[in-house]
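Observations on chain architecture
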Amino acid sequence: MEQDVESPITIRQPKLPKQAREDLHKQVAEKEKARRKIQRYVRKDGKCNVHHGNVRETYRYLTDIFTTLVDLKWRFNLFIFVLVYTVTWLFFGMIWWLIAYIRGDLEHIGDTKWTPCVNNLNGFVSAFLFSIETETTIGYGYRVITDKCPEGIVLLLVQSVLGSIVNAFMVGCMFVKISQPKKRAETLVFSTHAVISMRDGKLCLMFRVGDLRNSHIVEASIRAKLIKSKQTKEGEFIPLNQTDINVGYDTGDDRLFLVSPLIICHEINQHSPFWDISKDHLAKEELEIVVILEGMVEATGKTITLSYSFQT
(Lines give C-alpha, C1' and ligand atoms only; values in the text may rest on other atoms or scores of the structure.)
Protein backbone atom coordinates (compact mmCIF):
# COMPACT_ATOMS: atom_id res chain seq x y z
CA MET A 1 0.00 0.00 0.00
CA GLU A 2 1.51 3.23 -1.08
CA GLN A 3 1.39 6.39 1.06
CA ASP A 4 1.16 9.81 -0.43
CA VAL A 5 4.10 11.90 0.68
CA GLU A 6 3.71 15.65 0.51
CA SER A 7 6.79 17.26 -0.90
CA PRO A 8 7.41 20.96 -0.31
CA ILE A 9 7.07 23.02 -3.44
CA THR A 10 9.26 26.09 -3.69
CA ILE A 11 7.83 28.90 -5.74
CA ARG A 12 10.60 31.01 -7.10
CA GLN A 13 9.97 34.71 -7.29
CA PRO A 14 11.07 36.38 -10.49
CA LYS A 15 14.38 38.10 -10.06
CA LEU A 16 13.94 41.86 -10.18
CA PRO A 17 16.47 44.33 -11.46
CA LYS A 18 18.60 46.12 -8.91
CA GLN A 19 16.84 49.45 -9.39
CA ALA A 20 13.41 47.82 -8.95
CA ARG A 21 14.58 46.10 -5.76
CA GLU A 22 15.85 49.41 -4.37
CA ASP A 23 12.57 51.12 -5.21
CA LEU A 24 10.70 48.30 -3.49
CA HIS A 25 12.80 48.71 -0.34
CA LYS A 26 12.20 52.46 -0.40
CA GLN A 27 8.42 51.96 -0.68
CA VAL A 28 8.44 49.52 2.24
CA ALA A 29 10.53 51.95 4.31
CA GLU A 30 8.19 54.83 3.50
CA LYS A 31 5.16 52.74 4.46
CA GLU A 32 6.76 51.79 7.77
CA LYS A 33 7.63 55.45 8.43
CA ALA A 34 4.08 56.53 7.60
CA ARG A 35 2.73 53.82 9.89
CA ARG A 36 4.99 55.08 12.66
CA LYS A 37 3.34 58.45 13.06
CA ILE A 38 5.52 60.78 15.13
CA GLN A 39 3.89 63.60 17.02
CA ARG A 40 5.41 66.99 16.26
CA TYR A 41 6.64 69.31 19.01
CA VAL A 42 6.14 72.34 16.73
CA ARG A 43 3.77 72.17 13.78
CA LYS A 44 4.61 73.41 10.30
CA ASP A 45 2.63 76.60 10.86
CA GLY A 46 4.89 77.46 13.80
CA LYS A 47 2.40 76.74 16.59
CA CYS A 48 3.56 74.61 19.51
CA ASN A 49 1.76 71.29 19.66
CA VAL A 50 1.68 71.28 23.46
CA HIS A 51 -1.54 71.05 25.44
CA HIS A 52 -1.60 71.94 29.13
CA GLY A 53 -3.50 69.39 31.15
CA ASN A 54 -4.41 69.15 34.84
CA VAL A 55 -3.92 72.87 35.40
CA ARG A 56 -5.34 73.31 38.88
CA GLU A 57 -4.44 76.95 39.51
CA THR A 58 -6.70 78.32 36.77
CA TYR A 59 -7.24 81.50 38.79
CA ARG A 60 -3.82 82.66 37.59
CA TYR A 61 -5.34 83.26 34.14
CA LEU A 62 -7.76 85.76 35.68
CA THR A 63 -4.97 87.70 37.39
CA ASP A 64 -3.80 88.72 33.91
CA ILE A 65 -7.19 89.02 32.24
CA PHE A 66 -5.92 91.32 29.49
CA THR A 67 -3.40 88.78 28.16
CA THR A 68 -6.00 86.02 28.55
CA LEU A 69 -8.45 87.91 26.34
CA VAL A 70 -5.79 88.67 23.74
CA ASP A 71 -4.78 84.99 23.56
CA LEU A 72 -8.36 83.84 22.98
CA LYS A 73 -9.59 82.92 19.52
CA TRP A 74 -11.42 85.55 17.53
CA ARG A 75 -14.89 84.02 17.97
CA PHE A 76 -14.56 83.96 21.77
CA ASN A 77 -13.00 87.41 21.80
CA LEU A 78 -15.86 88.93 19.80
CA PHE A 79 -18.41 87.10 21.93
CA ILE A 80 -16.91 88.52 25.15
CA PHE A 81 -16.68 91.97 23.52
CA VAL A 82 -20.41 92.01 22.72
CA LEU A 83 -21.35 90.36 26.01
CA VAL A 84 -19.54 92.91 28.20
CA TYR A 85 -21.20 95.89 26.51
CA THR A 86 -24.64 94.25 26.53
CA VAL A 87 -24.42 93.36 30.22
CA THR A 88 -23.32 96.87 31.24
CA TRP A 89 -26.10 98.48 29.22
CA LEU A 90 -28.70 96.12 30.70
CA PHE A 91 -27.36 96.60 34.24
CA PHE A 92 -27.47 100.39 34.17
CA GLY A 93 -30.74 100.33 32.24
CA MET A 94 -32.25 98.30 35.06
CA ILE A 95 -30.99 100.81 37.65
CA TRP A 96 -32.44 103.75 35.66
CA TRP A 97 -35.78 101.93 35.50
CA LEU A 98 -35.69 101.22 39.27
CA ILE A 99 -35.04 104.89 40.03
CA ALA A 100 -38.00 105.91 37.86
CA TYR A 101 -40.20 103.21 39.47
CA ILE A 102 -39.25 104.11 43.06
CA ARG A 103 -39.71 107.87 42.50
CA GLY A 104 -43.12 107.29 40.89
CA ASP A 105 -42.16 108.68 37.48
CA LEU A 106 -43.92 105.80 35.72
CA GLU A 107 -47.19 106.67 37.47
CA HIS A 108 -47.06 110.33 36.34
CA ILE A 109 -46.40 109.82 32.63
CA GLY A 110 -47.95 112.73 30.74
CA ASP A 111 -48.32 114.88 33.89
CA THR A 112 -46.91 118.31 33.03
CA LYS A 113 -46.70 119.34 36.68
CA TRP A 114 -44.49 116.36 37.62
CA THR A 115 -40.70 116.62 37.21
CA PRO A 116 -39.31 113.12 36.51
CA CYS A 117 -35.73 111.99 36.97
CA VAL A 118 -35.36 111.41 33.22
CA ASN A 119 -37.68 113.05 30.76
CA ASN A 120 -39.55 110.77 28.33
CA LEU A 121 -38.61 107.57 30.23
CA ASN A 122 -41.79 105.46 30.26
CA GLY A 123 -40.59 101.88 30.68
CA PHE A 124 -37.67 99.44 30.76
CA VAL A 125 -37.04 99.69 27.00
CA SER A 126 -36.68 103.45 27.15
CA ALA A 127 -34.45 103.10 30.25
CA PHE A 128 -32.28 100.62 28.33
CA LEU A 129 -32.02 103.03 25.39
CA PHE A 130 -31.12 105.87 27.76
CA SER A 131 -28.39 103.68 29.26
CA ILE A 132 -26.93 103.08 25.78
CA GLU A 133 -27.07 106.79 24.94
CA THR A 134 -25.37 107.73 28.22
CA GLU A 135 -22.53 105.19 28.03
CA THR A 136 -21.80 105.69 24.32
CA THR A 137 -22.25 109.51 24.60
CA ILE A 138 -24.66 109.55 21.64
CA GLY A 139 -26.86 112.32 22.99
CA TYR A 140 -30.02 112.29 20.88
CA GLY A 141 -31.56 114.92 23.18
CA TYR A 142 -34.97 113.22 23.56
CA ARG A 143 -34.34 111.58 26.95
CA VAL A 144 -32.59 114.02 29.28
CA ILE A 145 -31.83 113.81 32.99
CA THR A 146 -33.23 116.64 35.12
CA ASP A 147 -31.66 118.57 37.98
CA LYS A 148 -34.33 117.42 40.48
CA CYS A 149 -32.86 113.90 40.73
CA PRO A 150 -29.65 113.69 42.85
CA GLU A 151 -29.56 109.88 42.71
CA GLY A 152 -29.74 110.07 38.91
CA ILE A 153 -26.85 112.54 38.81
CA VAL A 154 -24.70 110.17 40.91
CA LEU A 155 -25.64 107.23 38.69
CA LEU A 156 -24.79 109.30 35.61
CA LEU A 157 -21.31 110.00 36.98
CA VAL A 158 -20.75 106.33 37.90
CA GLN A 159 -21.90 105.07 34.50
CA SER A 160 -19.76 107.62 32.66
CA VAL A 161 -16.61 106.60 34.57
CA LEU A 162 -17.25 102.86 34.34
CA GLY A 163 -18.20 103.18 30.68
CA SER A 164 -14.90 104.91 29.93
CA ILE A 165 -13.01 102.10 31.71
CA VAL A 166 -14.90 99.40 29.78
CA ASN A 167 -14.28 101.21 26.49
CA ALA A 168 -10.56 101.61 27.19
CA PHE A 169 -10.20 97.95 28.23
CA MET A 170 -12.18 96.32 25.44
CA VAL A 171 -11.06 98.62 22.62
CA GLY A 172 -7.44 98.29 23.79
CA CYS A 173 -7.78 94.51 23.81
CA MET A 174 -9.22 94.46 20.29
CA PHE A 175 -6.53 96.86 19.01
CA VAL A 176 -3.72 94.70 20.43
CA LYS A 177 -5.25 91.57 18.92
CA ILE A 178 -5.67 93.20 15.50
CA SER A 179 -2.16 94.67 15.49
CA GLN A 180 -0.41 91.40 16.37
CA PRO A 181 2.28 90.76 13.73
CA LYS A 182 1.40 87.08 13.25
CA LYS A 183 0.23 87.61 9.67
CA ARG A 184 3.55 89.23 8.79
CA ALA A 185 5.33 86.04 9.81
CA GLU A 186 3.36 84.07 7.20
CA THR A 187 5.38 85.73 4.43
CA LEU A 188 8.61 84.30 5.86
CA VAL A 189 9.13 80.97 4.11
CA PHE A 190 11.43 78.09 5.07
CA SER A 191 12.55 75.27 2.84
CA THR A 192 10.48 72.11 3.06
CA HIS A 193 13.43 69.91 4.01
CA ALA A 194 16.78 70.36 5.71
CA VAL A 195 19.73 68.59 4.07
CA ILE A 196 23.13 67.34 5.22
CA SER A 197 25.93 67.63 2.68
CA MET A 198 29.51 68.78 2.23
CA ARG A 199 30.19 72.50 2.02
CA ASP A 200 33.71 73.91 1.81
CA GLY A 201 35.07 70.53 2.84
CA LYS A 202 32.89 70.38 5.99
CA LEU A 203 29.83 68.32 6.72
CA CYS A 204 26.96 70.75 7.27
CA LEU A 205 23.25 70.77 8.05
CA MET A 206 21.59 73.36 5.83
CA PHE A 207 18.16 74.86 5.19
CA ARG A 208 16.93 77.99 3.47
CA VAL A 209 14.78 80.92 4.59
CA GLY A 210 13.40 83.83 2.58
CA ASP A 211 11.08 86.81 2.84
CA LEU A 212 8.30 87.33 0.28
CA ARG A 213 7.68 91.01 1.06
CA ASN A 214 9.63 94.04 -0.08
CA SER A 215 9.61 95.56 3.41
CA HIS A 216 12.55 94.13 5.35
CA ILE A 217 12.77 92.44 8.74
CA VAL A 218 15.13 94.64 10.74
CA GLU A 219 17.58 93.11 13.24
CA ALA A 220 16.61 89.60 12.24
CA SER A 221 18.28 86.79 14.17
CA ILE A 222 17.90 83.03 13.99
CA ARG A 223 18.57 80.18 16.37
CA ALA A 224 17.85 76.47 16.35
CA LYS A 225 17.06 73.79 18.92
CA LEU A 226 17.31 70.01 18.71
CA ILE A 227 14.31 68.34 20.40
CA LYS A 228 15.23 64.79 21.35
CA SER A 229 14.72 62.49 24.30
CA LYS A 230 17.82 61.92 26.37
CA GLN A 231 19.01 59.54 29.05
CA THR A 232 21.66 60.82 31.42
CA LYS A 233 24.61 58.86 32.76
CA GLU A 234 22.74 58.42 36.02
CA GLY A 235 19.86 56.74 34.20
CA GLU A 236 17.45 59.67 34.27
CA PHE A 237 15.20 59.88 31.21
CA ILE A 238 14.54 63.42 29.95
CA PRO A 239 11.74 63.61 27.36
CA LEU A 240 11.86 66.41 24.80
CA ASN A 241 15.30 67.55 25.84
CA GLN A 242 16.38 70.80 24.12
CA THR A 243 19.92 71.21 22.80
CA ASP A 244 21.28 74.32 21.11
CA ILE A 245 22.36 74.04 17.47
CA ASN A 246 25.02 76.54 16.50
CA VAL A 247 23.92 78.34 13.33
CA GLY A 248 26.58 81.03 13.45
CA TYR A 249 26.38 82.49 16.94
CA ASP A 250 30.16 82.63 17.36
CA THR A 251 30.76 84.11 13.90
CA GLY A 252 27.77 86.48 13.74
CA ASP A 253 26.11 84.58 10.89
CA ASP A 254 22.97 84.23 12.97
CA ARG A 255 22.27 87.94 12.30
CA LEU A 256 20.39 87.94 9.01
CA PHE A 257 19.87 90.52 6.29
CA LEU A 258 16.78 89.08 4.62
CA VAL A 259 16.86 90.87 1.28
CA SER A 260 17.20 87.62 -0.66
CA PRO A 261 16.79 83.96 0.38
CA LEU A 262 19.60 82.83 2.66
CA ILE A 263 21.05 79.40 3.41
CA ILE A 264 21.45 78.77 7.13
CA CYS A 265 24.36 76.42 7.82
CA HIS A 266 25.28 74.36 10.89
CA GLU A 267 28.68 72.70 10.86
CA ILE A 268 28.65 69.15 12.20
CA ASN A 269 31.81 69.02 14.31
CA GLN A 270 32.79 67.69 17.75
CA HIS A 271 30.55 70.27 19.44
CA SER A 272 27.51 69.42 17.31
CA PRO A 273 24.72 67.20 18.72
CA PHE A 274 24.78 65.31 15.40
CA TRP A 275 28.44 64.29 15.75
CA ASP A 276 27.70 60.83 17.19
CA ILE A 277 24.76 60.08 14.87
CA SER A 278 25.51 58.11 11.70
CA LYS A 279 23.60 58.29 8.45
CA ASP A 280 21.76 55.00 9.04
CA HIS A 281 21.08 55.88 12.66
CA LEU A 282 19.69 59.30 11.68
CA ALA A 283 16.88 57.74 9.66
CA LYS A 284 15.77 55.76 12.73
CA GLU A 285 16.08 58.62 15.21
CA GLU A 286 12.97 60.41 16.47
CA LEU A 287 14.24 63.95 16.62
CA GLU A 288 13.03 67.38 15.62
CA ILE A 289 14.82 70.59 14.75
CA VAL A 290 12.98 73.75 15.79
CA VAL A 291 14.11 76.98 14.14
CA ILE A 292 13.16 80.31 15.74
CA LEU A 293 13.48 83.54 13.76
CA GLU A 294 13.05 86.89 15.50
CA GLY A 295 13.05 90.36 14.05
CA MET A 296 11.32 93.73 13.85
CA VAL A 297 8.89 94.71 11.11
CA GLU A 298 10.23 97.72 9.26
CA ALA A 299 6.79 99.17 8.49
CA THR A 300 5.28 98.98 11.99
CA GLY A 301 8.27 98.57 14.31
CA LYS A 302 6.68 95.56 16.02
CA THR A 303 8.71 92.50 16.97
CA ILE A 304 7.74 89.17 15.40
CA THR A 305 8.75 85.63 16.30
CA LEU A 306 8.40 82.73 13.86
CA SER A 307 8.93 79.06 14.63
CA TYR A 308 9.45 76.26 12.12
CA SER A 309 10.38 72.62 12.53
CA PHE A 310 12.13 69.90 10.57
CA GLN A 311 11.54 66.28 11.48
CA THR A 312 13.24 63.04 10.53
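Everything numeric here is computed off the predicted structure, so don't read it as measured data. (Residues numbered from 1 in each chain as written. Predicted model: local features only at pLDDT ≥ 70, side-chain atom pairs only at ≥ 80, totals over all residues. Heavy atoms only, no water.)

Comments concerning the packing of aromatic side chains
Counting across every chain of the model gives 10 aromatic pairs. Consider the rings of F91 and F92, whose centres lie 5.3 Å apart with planes at 80°: the pair is edge-to-face. Where W97 meets Y101, the ring centres are 5.4 Å apart and the plane angle is 15°; that geometry is what we call stacked. Placement of both W97 and Y101 in helix α4 (residues 74-103) is noted, with a separation of four residues, approximately one turn of the helix. Judged by relative accessible area, which is 51%, Y101 ranks as exposed. Members of the aromatic cluster, joined through ring pairs, are F190, F207, Y308 and F310. The lysine or arginine in question, K177, covers the ring of W74, its NZ or CZ lying 5.3 Å from the ring centre. (Phe/Tyr/Trp six-rings, centres within 6.5 Å; stacked < 30°, edge-to-face > 60°. Helix = DSSP H or I, 4+ residues; strand = E, 2+ residues; numbered from the N terminus. Buried < 20%, exposed > 50% of the residue type's maximum accessible area, 1.4 Å probe, protein only. Lys NZ or Arg CZ within 6 Å of the ring centre and 35° of its normal.)

Observations concerning the side chain of T134
Here T134 lies in helix α5 (residues 124-135). The class for T134 is buried, based on a relative accessible area of 12%. A distance of 2.8 Å separates the side chain of T134 from the backbone oxygen of F130, its partner in a polar contact. When near neighbours in sequence (up to four residues on either side) are disregarded, T134 contacts L156 and Q159. (Polar contact = N/O pair within 3.5 Å; in protein donor to acceptor, adjacent residues only side chain to side chain. Contact = heavy atoms within 4.5 Å.)

Overview of the UniProt feature "transmembrane region" (unreviewed entry) in the protein chain
Per the UniProt entry, the sites bearing "transmembrane region" (unreviewed entry) are residues 78-102 and 152-176 in this numbering. Along residues 78-102 the backbone is 100% helical and 0% strand, and the end-to-end C-alpha distance reaches 36 Å. Strand forms 0% of residues 152-176 and helix 100%; the C-alpha atoms that close the span are 35 Å apart. (UniProt positions renumbered as here; feature names shortened; annotations may be inferred.)

Quick look at the pattern of salt bridges
Going through the model one piece at a time under the given rule, you end up with eight salt bridges. The salt bridge involving K228 is made with E285; its shortest N-O contact spans 3.6 Å. One end of the pair, K228, is in strand β4 (residues 217-231); the other, E285, is in the loop between α8 (279-284) and β8 (288-297), with 57 residues separating them in the sequence. Owing to a relative accessible area of 13%, E285 belongs among the buried residues under this scheme. Salt bridges sharing partners connect three or more residues here, namely R103, D105 and E151. (Salt bridge = Lys/Arg side-chain N within 4 Å of Asp/Glu carboxyl O.)

Quick notes on the nonpolar core
F190, I222, L256, F274, I289, V291 and L293 are the most contacted members of the largest nonpolar core, which has 28 residues in total. At the level of secondary structure, the elements contributing two or more residues to this core comprise β1 (188-190), β3 (202-211), β4, β8 and β9 (303-311). The dominant element in this core, judged by the number of residues it contributes, is β4, at five residues. Residues in contact with V291, not counting those within four places in the same chain, are F190, F207, I222, R223, A224, L306, S307, Y308 and F310. (Core = buried A, V, L, I, M, F, W, Y, C linked by side-chain atoms within 4.5 Å.)

Quick word on the pairing of β8
Burial analysis of β8 places eight of its 10 residues in the buried class, which makes it a mostly covered element. When β4 meets β8, the two strands line up antiparallel, connected through nine bridges. By the bridge assignment for β8, V218 is matched with M296. Summarising the sheet, β8 and β9 pair through nine bridges and their orientation is antiparallel. Its bridge partner being in β9, E294 is matched across the sheet by T305. As consecutive antiparallel partners, β8 and β9 are separated by five residues, and within that stretch G301 has a phi angle of approximately 80°, a positive value. (Pairing = 2+ DSSP bridges.)

Some thoughts on the state of the cysteines
Note on terminology: a disulfide is the covalent bond linking the sulfur atoms of two cysteines. Applying the stated criterion to the full structure yields one disulfide. We note that C204 lacks a disulfide partner, and the nearest cysteine sulfur, in C265, lies 3.4 Å from it. (Disulfide = S-S within 2.5 Å.)

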